[in-house]
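Chain by chain, the residues:
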Amino acid sequence: LLNAMGIVRWTHGEYDRALEHYQRALGIFQQLDDQAHAGLMLNSIGVTLRKLGRTDEAAARLEEAVQLNRESGQRLLEGHSLAALGDLYYDHERLDDARGCYERSLALRQEIGDRSGEGWMLYYLARVHASQGHADLAREYTAQAAAIAAECENVQLLHACQRMRG
């Protein structure tokens, strides 16, 4: 319930209130020693702190989420943690760090068969390579992401790839 309330607040741009709900939920999951749900809450806390501009706290929470999700075997949540951490690094022009996170997330997505997530990681890698001046790699990753988008009928990803291509 606290997670759902946090999501509602988040979608309305009420990030401070969302953060309160996620932190309360995290406390409960930690008391219950429910690592899978604690990892999910750490992801939510990290992305919310990022929205609030609290970069260092966001990075710390997302790194904690990566570790906890790995330890609890939550591969998809670990992939989400890495992608969110990559986004944070990308925002702050730490492109090599962003690329490393996206590459690790991509490997997880491929391992578990998350084709849509795989497509998004390829798109984010294309974006990083474009920012680093590697146009050929950016085009290659964008083409791969677009092919997956078409296969999965992911219109949002397909549009993102089309915008990337210009």
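The residue numbering used here restarts from 1 in each chain and proceeds along that chain's sequence as written. Confidence filtering applies because this is a predicted model: local features only for residues at pLDDT of at least 70, side-chain atom pairs given and counted only at 80 or more, and all residues used for totals across whole chains, interfaces and linings. Only hydrogens and water are set aside when side-chain values are computed; all heavy atoms of the structure are taken into account.

### Some remarks on the packing of helix α1 (residues 2-11) against helix α2 (residues 15-31)
To be explicit about the condition: Lines fitted to the C-alpha atoms define the axes, with helices restricted to the stretch that makes contact. Angles between their N-to-C directions range from 0 to 180 degrees. Numbering of helices and strands starts at the N terminus; helices are DSSP runs of H or I of at least 4 residues and strands are runs of E of at least 2. Roughly parallel covers angles under 35 degrees, roughly antiparallel covers those over 145, roughly perpendicular covers 65 to 115, and oblique covers all other angles. Crossings are assigned a handedness: left-handed for a near helix turned anticlockwise from the far helix by less than a right angle, right-handed for a clockwise turn. Contacts are assigned to residue pairs that have any heavy atoms within 4.5 Å of one another. Under the scheme applied here, ten amino acids are nonpolar (Ala, Val, Leu, Ile, Met, Phe, Trp, Tyr, Cys and Pro), four are charged (Asp, Glu, Lys and Arg), and all others, including Gly, are polar.
In contact at an axis separation of 8 Å, α1 and α2 are set at 165° when each is read in the N-to-C sense. Relative to α2, the element α1 lies roughly antiparallel. In the crossing of α1 with α2, the sense of the turn from one axis to the other is left-handed. Residue-level contacts link L2, N3, M5, G6, I7, R9 and W10 of α1 to Y15, R17, A18, H21, Y22, R24, A25 and I28 of α2. Tallied by class, the residues present in the contact of α1 with α2 amount to nine nonpolar, three polar and three charged.

### Let's talk about unusual backbone geometry
One non-glycine residue, D33, lies in positive phi territory at about 55°. Among the secondary structure elements, D33 is positioned in the loop between α2 and α3 (35-51).

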